[in-house]
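What follows is each chain in one-letter form.
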Amino acid sequence: MNINNIKNLIRAYFYENWQKDLYNFGLAAAFAFLCMAFRIFDHVVAYSAIVALMVIYPLRLFGNLHQPSSRIHYLMVPATNGEKVLTGILLTNIYFLSLIFISATIGVLAGYGVLKLITPELSHSCKEMVALLWPSSGSSYMVLVMLISVVFFGAIYFKKSPAWKIILVSFVIFLGIEAIISATEFLNVWMTVPAEIRHGNYIMTESYVTSPSSKWFRYAVLCAITVYFYAMSFLRMRETEA
């Protein structure tokens with residue numbers, strides 16, 4: 001890995017795409033502002049919009065690979081494929097993800113200010129509204145990062161109609177992950193919770209509902225999937241050059 005090549009790739013990216021990114025950041029802020037000002041703000045809506053923008057981003061980041069002529073030009077850029085993929089990972093997970101959340105937060109704050117002027121008796125505080133936007137737990141954040149890695153790999157792997165193929169593959173992977181997690185949690189409950197509680201003879205307390213081992217297993221699975229798809233992205237980029 002050559003640090004200078006990575007710096008040059010990042011510099012070239014900003015030179016070519018700063019206007020598009022500015023538009024996306026403005027779109028995220030405007031969407032959050034409208035949702036907040038019209039009292040339809042909800043963390044599910046916010047996450048859906050952010051995930052949609054994150055899905056679009058890797059597709060645009062590797063859009064040159066989807067056309068034969070531009071693919072050759074991109075592969076001839078003076079940098080190794082590993083450096084190109086690493087640059088994409090940094091831009092996606094640090095630059096774009098952070099600024100999308102920051103832009104949406106600015107939109108929420110602006111929308112809350114307008115809403116507060118219209119309805120001074122508003123019961124929810126600004127802090128509560130902003131908290132709804134950000135991931136409520138480490139698991140929620142890791143799920144988002146895992147989804148980004150899937151889209152990232154799909155943007156490199158699929159040459160035609162990558163968006164639809166990524167949606168289909170992501171849905172199948174999601175079902176598989178949920179099946180693994182559900183089976184693990186069931187086994188944890190079966191082995192750790194007394195039979196009389198499982199059968200409903202006693203009131204189940206919170207300590208039996210969530211097992212620490214299942215939480216860390218969830219983290220481990222999400223991390224493994226994320227690393228796997230980024231590793232596959234390196235290999236797929238090498239195959240594309242060949």
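Cut-offs applied
Residues numbered from 1 in each chain as written. Predicted model: local features only at pLDDT ≥ 70, side-chain atom pairs only at ≥ 80, totals over all residues. Heavy atoms only, no water. Helix = DSSP H or I, 4+ residues; strand = E, 2+ residues; numbered from the N terminus. Buried < 20%, exposed > 50% of the residue type's maximum accessible area, 1.4 Å probe, protein only. Contact = heavy atoms within 4.5 Å. Areas by Shrake-Rupley, 256 points an atom, 1.4 Å probe, with all protein chains shown as cover. Patch = residues over 30% accessible without salt bridge, like charges linked within 9 Å, V, L, I, M, F, W, Y side chains within 5 Å. Salt bridge = Lys/Arg side-chain N within 4 Å of Asp/Glu carboxyl O. Phe/Tyr/Trp six-rings, centres within 6.5 Å; stacked < 30°, edge-to-face > 60°. Axes fitted to C-alpha atoms, helices over the stretch in contact; angles between N-to-C directions. Parallel < 35°, antiparallel > 145°, perpendicular 65-115°, else oblique. Left-handed = near helix turned anticlockwise from the far one by under 90°. Core = buried A, V, L, I, M, F, W, Y, C linked by side-chain atoms within 4.5 Å. pLDDT = per-residue confidence, 0-100.

Caption draft 1: Layout of the overall build of the protein chain. A tally of regular secondary structure across the protein chain gives 10 helices and zero strands. When the elements of the protein chain are put in sequence order from the N terminus, they spell out α-α-α-α-α-α-α-α-α-α. Across the 242 residues of the protein chain, 40% fall into the buried class. Expressed as a percentage of contacts within the protein chain between residues at least 6 apart in sequence, the contacts between residues at least 24 apart total 79%. Summing over all exposed atoms, the protein chain offers an accessible surface of approximately 14200 Å²; the carbon and sulfur share of this is 70%.

Caption draft 2: Broad picture of a nonpolar patch on the surface. Together, Leu168, Phe171, Val172, Phe174 and Leu175 line one region of the surface with nonpolar side chains, adding up to about 520 Å² of accessible area. Assignment of secondary structure puts Phe171 in helix α7 (residues 162–192).

Caption draft 3: How the structure looks around the environment of Met232. Within the secondary structure layout, Met232 lies in helix α10 (residues 212–241). Overall, the relative accessible area of 26% leaves Met232 in the partly exposed class. In sequence terms Met232 and Ile156 are 76 residues apart; their C-alpha atoms lie 9.6 Å from each other.

Caption draft 4: Summary view of the environment of Ile6. Positionally, Ile6 belongs in helix α1 (residues 3–37). A relative accessible area of 8% means that Ile6 is categorised as buried.

Caption draft 5: Structural view of the side chain of Ser233. Structurally, Ser233 can be placed in helix α10. On the basis of relative accessible area, Ser233 is assigned to the buried category, the value being 0%.

Caption draft 6: Representation of the packing of aromatic side chains in the model. Following the criterion strictly, the structure yields 13 aromatic pairs and no others. On the basis of an interplanar angle of 80° and a centroid distance of 6.2 Å, the ring pair of Tyr13 and Tyr95 is categorised as edge-to-face. With a gap of 82 residues between them, Tyr13 in helix α1 and Tyr95 in helix α4 (residues 81–118) connect regions that are remote in the sequence. Centre to centre, the rings of Phe25 and Phe96 are 5.6 Å apart; their planes meet at 40°, and the pair counts as tilted. Linking Phe25 in helix α1 with Phe96 in helix α4, this pair joins segments that are 71 residues apart in sequence.

Caption draft 7: Spotlight on the packing of α1 against α4. Closest axis-to-axis distance for the α1/α4 pair is 8 Å, and the angle between their directions is 25°. Taken together, the axes of α1 and α4 lie roughly parallel to each other. As for the relative orientation of α1 and α4, their crossing is right-handed in sense.

Caption draft 8: Local environment of the nonpolar core. Membership of the largest hydrophobic core comes to 30 residues, with the highest contact counts inside it found for Phe62 and Phe152. Looking at this core, the element that brings in the most residues is α4, giving eight residues. When residues no more than four places from it in sequence are discounted, the contact partners of Phe62 are Tyr74, Phe152, Ala155, Ile156 and Met237.

Caption draft 9: Local environment of the confidence of the model for the protein chain. On average, residues of the protein chain score 77 in pLDDT, and 75% of them are at 70 or above. In this model residues 202–210 is a low-confidence stretch, pLDDT under 50, and it forms nine contacts with partners more than four residues away in sequence or in other chains.

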